[in-house]
Amino acid sequence: MSLEDVRIARAYASTPKATRFFIETYRYRLTSSFGHALQSAAPLTYRTLRAAGQDMRALAERCLDALGWVDMGPYVYRFCAAILGVLGESELAAAVPGLPETMALEGASVALVQRLAAAPATTWSPRGEREAWAKAPERFRFQLTGTGVVVRTERSLTPWLRNRAEIGKTPLEQRPEWYLVHLPSPEESARIVPVGATGAGLFALLAGPAPPEAGEHRALPPTLPLMLTELAERAVAAGLARPGEPLRWLEKYVELGVVAGQPMDS
Amino acid sequence: MTGRVAVERPGGTVFVPRLGVGIQYNPEILEWFPFEELDVDTLEVLLDTFMGPLDSPYIVLPGKARTLDRLGTKRTLLAHSNYGCEFGFEPLEGSPAVLRHVPLARSLRSPWVVDHCFYGDGSWSDLWSSPVQFSAAEVERVGARARALQEAYGVPLGHENAAYYRPCPGAEMREAEFLGRLVETSGTYLHLDLHNIYTNGINLPGYDVDDFLGTIPMDRVIEVHIAGGSWHGGLYHDWHDSKVPEPVWELLERVLGASRPGAVVLEFQGRAHHPSTREMSREADLAMIQADLERAAALWDRVYGPCSRVTTSRHLANGRDGRDGRDGREEHLGPLATDPPRAGAGGAAV
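Criteria and cut-off values
- Residues numbered from 1 in each chain as written.
- Chains lettered and ligands numbered in written order.
- Predicted model: local features only at pLDDT ≥ 70, side-chain atom pairs only at ≥ 80, totals over all residues.
- Heavy atoms only, no water.
- Contact = heavy atoms within 4.5 Å.
- Buried area = accessible area lost by both parts, 1.4 Å probe.
- Polar contact = N/O pair within 3.5 Å; in protein donor to acceptor, adjacent residues only side chain to side chain.
- Nonpolar A, V, L, I, M, F, W, Y, C, P; charged D, E, K, R; others polar.
- 1 Å grid on protein atoms, 1.4 Å probe; cavity = no way out; pocket = protein on both sides within 12 Å on 5 of 7 lines; lining within 4 Å.
- Points joined across faces, edges and corners; volume = space filled by probe spheres on them.
- Helix = DSSP H or I, 4+ residues; strand = E, 2+ residues; numbered from the N terminus.
- Pairing = 2+ DSSP bridges.
- Axes fitted to C-alpha atoms, helices over the stretch in contact; angles between N-to-C directions.
- Parallel < 35°, antiparallel > 145°, perpendicular 65-115°, else oblique.
- Core = buried A, V, L, I, M, F, W, Y, C linked by side-chain atoms within 4.5 Å.
- Buried < 20%, exposed > 50% of the residue type's maximum accessible area, 1.4 Å probe, protein only.
- Phe/Tyr/Trp six-rings, centres within 6.5 Å; stacked < 30°, edge-to-face > 60°.
- Lys NZ or Arg CZ within 6 Å of the ring centre and 35° of its normal.

Enquirer: If you had to explain the interface of chain B and chain A to someone new, which residues and values would you point to?
Expert: Contacts between chain B and chain A engage 34 residues on the former and 35 residues on the latter. Buried surface at the junction of chain B and chain A, summed over both partners, amounts to about 3100 Å²; 61% is from carbon and sulfur atoms. On the chain B side of the interface with chain A, the three residues burying the most area are D55, S125 and R166 of chain B, jointly 22% of the side's total. At the junction of chain B and chain A, the tally comes to 16 residue pairs in polar contact (both at pLDDT 80 or more). Taken together, the residues of the side of chain B that touches chain A sort by class into 18 nonpolar, twelve polar and four charged.

So, in structure tokens, the structure goes:
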């Protein structure tokens with residue numbers, strides 16, 4: 001500590017009762033911020049922990065102990081990401097059913113929101129444009145917009161996603177599932193949509209050559225945009241889709257805004 | 001007509017509408033308190049509870065814009081910033097105040113904005129433990145940032161005096177002197193929290209409430225807060241969880257007679273600051289809050305006249321505020337008002 005630091009520390013030490021209340025207030029508000037961050041940015045994870053009977057203030061203190069009681073203030077998604085990291089390394093990840101899956105999905109949504117924090121408004125295409133692409137897909141090349149990512153989980157969370165009241169109650173089937181995590185607009189919360197292996201495979205073709213792996217968050221900048229025919233040929237050749245399915249998935253992804261079209265004559 | 005107060009600014013005169021008495025729209029009691037059914041002159045909105053995080057694309061939290069639109073259809077909303085971090089040491093243009101509170105306050109069409117005299121640098125939980133240092137250097141540094149922020153808001157910016165368990169080390173002057181010099185330097189205004197003054201008067205040796213009120217420039221007060229608190233651990237706390245104490249009512253009457261604020265706002269919160277704060281409830285606290293609101297309105301009417309609040313006003317052709325024998329500053333708005341009211345400023349004529 002510098003001499004100035006020592007002087008300041010002595011000043012606070014000279015008023016122990018006041019300083020103690022400062023510290024207690026700081027710690028209490030930071031544990032409240034823990035709950036706020038999870039409720040805002042990882043609500044499924046929050047509800048899963050509550051359903052598992054977790055004392056959220058006690059859990060907050062353990063996580064904050066691991067994080068050094070750092071205050072990230074207005075960077076709520078950064079704080080949430082740090083919390084998910086601590087939880088992922090904790091015994092809870094193995095002990096609470098569904099927690100690894102909710103954290104995988106919401107880790108992806110947290111990363112997506114952060115990645116799009118400074119994205120221009122043009123990242124989200126107007127609905128009229130999306131309808132034009134869907135009506136005449138053969139005239140466009142398609143690529144990812146960067147507003148979505150596909151995540152694979154080892155258990156299916158779909159019953160909990162359909163009915164949040166079932167979180168922690170309905171047992172989760174042990175089978176891989178794929179979900180699109182996307183941000184529909186800069187005014188809306190992230191959404192989670194089951195897409196299955198076919199949808200995940202087609203999304204991966206648009207994203208790049210390698211298929212998504214478990215827990216991997218793929219929202220890479222798009223490679224060369226693909227024509228519908230190119231997408232369909234590659235998907236069928238790879239055994240990812242049957243004829244007709246690529247068009248239906250393309251229409252769905254265009255409607256959700258995670259894929260956008262460029263006129264081929266531009 | 002409730003009238004307007006002409007507030008002199010370096011760039012000209014702006015107008016602050018005289019609204020009356022309101023309550024802070026606080027999320028801690030939102031589940032049970034009937035904010036939207038209340039017949040109050042104004043609601044004070046905590047911008048922090050609506051703002052999007054800085055590491056997100058959200059200016060306002062998803063779904064919350066509709067709430068603000070709904071609240072604003074019946075009454076003028078007042079913008080209050082706690083977590084703006086405007087007086088910290090990181091660039092002002094990257095602060096939550098500039099990136100989030102300015103656009104939010106503009107969307108609310110708040111006629112003024114009030115913030116808080118705390119430090120903060122990308123941090124929030126430490127604000128309540130970090131009152132600004134009452135020093136000459138901070139008058140200049142904080143004053144420059146306050147001036148710039150008021151320009152960004154485009155409406156008067158008032159700084160709330162803090163409740164604190166001890167001042168920031170390095171203080172060179174009394175808090176009231178600091179605030180007076182701050183607003184003189186920056187051209188900004190004061191948001192007078194009377195319960196904070198009362199709390200500091202109890203807890204801090206040598207803190208003189210009379211001296212405080214006798215020192216600050218009363219003509220710069222644009223809003224007043226009142227609240228109640230609790231004793232715990234040998235200190236009195238500004239926890240907003242009890243009825244307004246009698247000394248604070250006395251302070252309010254004194255301040256209303258010496259200033260012309262646009263509004264008096266009551267704060268109730270409950271569990272937020274400390275494990276020992278209690279949760280407020282409808283059963284235990286609704287009647288108490290309503291009684292305090294009624295008492296504040298009655299006091300305002302006694303000082304400023306029976307038709308001087310938004311909910312009680314009647315159109316007065318000559319702009320008088322109803323106070324016997326006194327026309328108030330409104331009568332002099334013509335000669336003093338060298339600039340026309342800023343377009344869109346709350347109740348001001350445009």
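Enquirer: Lay out the layout of surface pockets with the relevant residues and their values.
Expert: Roughly 400 Å³ of internal volume is contained in the second largest pocket. Lining the second largest pocket are 22 residues, with Y164, P167, L204, P205 and Y207 of chain B sitting closest to its centre. Counting only elements with at least two residues in the lining of the second largest pocket, the list comes to α2 (16-41) of chain A together with α4 (175-186) and α6 (209-215) of chain B. Looking at the lining of the second largest pocket residue by residue, the classes come out as 13 nonpolar, three polar and six charged.

Enquirer: I'd like a rundown of the sheet that holds strand β6 (residues 259-263) of chain A, residues and numbers included.
Expert: Adjacent strands of a sheet pair through backbone hydrogen bonds, lying either parallel or antiparallel. All names here are of chain A. Sheet architecture is open: three strands sit in the order β5-β1-β6, paired in antiparallel fashion. Here the strands that pair on one side only, and so sit at the sheet edges, are β5 (226-227) and β6. Where strand β1 (residues 140-144) and β6 come together, five bridges link them in antiparallel fashion. Paired with Q143 across the bridge in β6 is A260.

Enquirer: Describe in detail the packing of α2 of chain A against helix α3 (residues 43-51) of chain A, supporting the description with residues and values.
Expert: Helices that pack against each other are described as a pair by the angle of their axes relative to one another and the distance between those axes. Residue and element names in this part refer to chain A. Interaxial distance between α2 and α3 falls to 5 Å at its minimum, and their mutual angle equals 120 degrees. Considering the angle they form, α2 stands oblique to α3. Counting all contacts with α2, which are made through G35, L38, Q39, S40 and A41, the residues of α3 involved are P43, Y46 and L49. For the contact of α2 with α3, the residue count by class is five nonpolar, three polar and no charged.

Enquirer: I'd love a proper account of the nonpolar core, names of residues and values included.
Expert: Counting residues in each nonpolar core, the largest one holds 143 residues, and the members touching the most others are L38 of chain A together with Y153, L192, L194, L213, I226 and I289 of chain B. It is helix α8 (residues 282-304) of chain B that contributes the most residues to this core, ten residues altogether. Filtering out sequence-adjacent residues up to four positions away, I226 of chain B remains in contact with L194, V244, V248, W249, L252, V264, V265, L266, E267 and A296 of chain B. Residues V193, V195, L226 and V254 of chain A belong to the second largest nonpolar core, which totals 28 residues.

Enquirer: Now, about the packing of aromatic side chains: what can you tell me, with residues and values included?
Expert: Using the criterion set out here, one finds 19 aromatic pairs over all chains in the structure. Plain terms: the ring middles of W32 of chain B and F33 of chain B are 6.0 Å apart, the flat faces sit at 80 degrees to each other, and that makes the pair edge-to-face. Residues W32 of chain B and F33 of chain B agree in their burial class; the two are buried. Among the aromatic side chains, those forming a connected cluster through ring pairs are Y25, W32, F33, F35 and F50 of chain B. The ring of W69 of chain A has R27 of chain A lying over it, and the distance from NZ or CZ to the ring centre is 3.9 Å. A cation over an aromatic ring shows up here: R166 of chain B above the ring of Y12 of chain A, its NZ or CZ 5.0 Å from the ring centre.

Enquirer: Go over the sheet that holds strand β3 (residues 20-25) of chain B, please, and point to the residues and values.
Expert: Residue and element names in this part refer to chain B. In spatial order, the strands read β3-β4-β5-β6-β7-β8-β9-β12; together these eight strands close into a barrel with parallel pairing. The mean inter-strand angle of the sheet, taken between neighbouring strand axes irrespective of direction, is 30 degrees. Note that strand β9 (residues 221-227) and strand β12 (residues 263-267) share five bridges and pair parallel. When the bridges of β12 are listed, A227 appears paired with E267.

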